Amino acid sequence: MRPFVSIAGVYPISYCGQRIALRELTRRDASAVHQWTGDSEAVSMIPLGPTRFSETRSYLRQIEREAGARDRRVYTLGVIELDTEDLVGSVGLTIDSAVHRRAEIGYIIRRDRWGSGLGTETARAGLEIAFDRLELHRVWAVCDTSNTVSAHVLRNVGMHHEGQLRKDLRIGDQWRDADLFGIIEDEWRSQDSNGSQS
Ligand SMILES: CC(C)(COP(=O)(O)OP(=O)(O)OC[C@H]1O[C@@H](n2cnc3c(N)ncnc32)[C@H](O)[C@@H]1OP(=O)(O)O)[C@@H](O)C(=O)NCCC(=O)NCCS
């Protein structure tokens, strides 16, 4: 018999690190969020957009609904750059199994901030929330096999390459092969701040 397992939803979630903070997104963030959802280059390797402004607003309404769900499974949080207080990206955790305490992580950073370490800090903050706040057991990610920067970010935060999935991602009008990465709670707890196992 399938055991009944639930994970208590947490709302609101906030986080403060050295260079970034995370907070819940609301529909008032549409202009800032549209800077990446509407940017065809920023979303060229992920299954999101590019969106029209009205679609960005719908996307934020969906994020609000998911955040307010009683057994919340989807956490899409805004990334605030502490120096400027600008909203510069988002990180998402989607719990795909309560039984297995497992979630997928994904993230995006506004293009004018690429290459300054924010992606790595964002992914690390997402893992901290997954393991320390949501008490998950495993976090996984998939990225387009040509997304070498994201693969680099995932390795930076201690995630392991676990294989390739054929034609796993629908991006634009193409089915793309994906690299699968994962990290287990024990590995997260035994790594130092650089993502290396200690
Ligand atoms: C992936 C993404 C979040 C990275 O953000 P970022 O702020 O540029 O990331 P960082 O600066 O922390 O790190 C990038 C790393 O990739 C490395 N890198 C940069 N260009 C690279 C390249 N062409 N090949 C390999 N590695 C590269 C950098 O050296 C850096 O590694 P380091 O910290 O060891 O030096 C950003 O590019 C993005 O939003 N992309 C679009 C959305 C996306 O692909 N999301 C991931 C879905 S799986």
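Heads up: the structure comes first, above all this text.
This section reports on the structure supplied with the text. Computed from a prediction, not measured in an experiment: that's the story for all the values here. (Residues numbered from 1 in each chain as written. Predicted model: local features only at pLDDT ≥ 70, side-chain atom pairs only at ≥ 80, totals over all residues.)

**Digging into the site of the ligand**
- Looking at the ligand, there are 23 residues lining it, with W114, G119, T120, C143 and H152 nearest.
- Secondary structure elements with two or more residues in the shell around the ligand: β5 (102–109), α3 (118–133), β6 (138–144) and α4 (148–156).
- If you tally residues by element for the shell around the ligand, the top one is α4, at six residues.
- Here the shell around the ligand is built from residues that sort into 12 nonpolar, 11 polar and no charged. (Near = placed C-beta within 6 Å. Helix = DSSP H or I, 4+ residues; strand = E, 2+ residues; numbered from the N terminus. Nonpolar A, V, L, I, M, F, W, Y, C, P; charged D, E, K, R; others polar.)

**What to know about the sheet that holds strand β7 (residues 160–171)**
- As summarised here, the arrangement of the eight strands in space is β1-β2-β3-β4-β5-β6-β8-β7, forming an open sheet in which the pairing is mixed. Each of the sheet's edge strands pairs with one partner strand only, and the pair in question is β1 (15–16) and β7.
- As paired elements, strand β4 (residues 86–97) and β5 share eight bridges and run antiparallel to each other. Paired with L93 across the two strands is I105, which belongs to β5. (Pairing = 2+ DSSP bridges.)

**A word on the environment of T94**
- Residue position: T94 is located in strand β4.
- A count of 14 C-beta atoms within 10 Å places T94 in the partly exposed class.
- Separated by 46 residues in the primary sequence, T94 and W140 place their C-alpha atoms 9.9 Å from one another.
- When residues no more than four places from it in sequence are discounted, the contact partners of T94 are R73, V74, A103 and E104. (Buried ≥ 20, exposed ≤ 12 C-beta atoms within 10 Å, placed from the backbone. Contact = placed C-beta atoms within 7 Å.)

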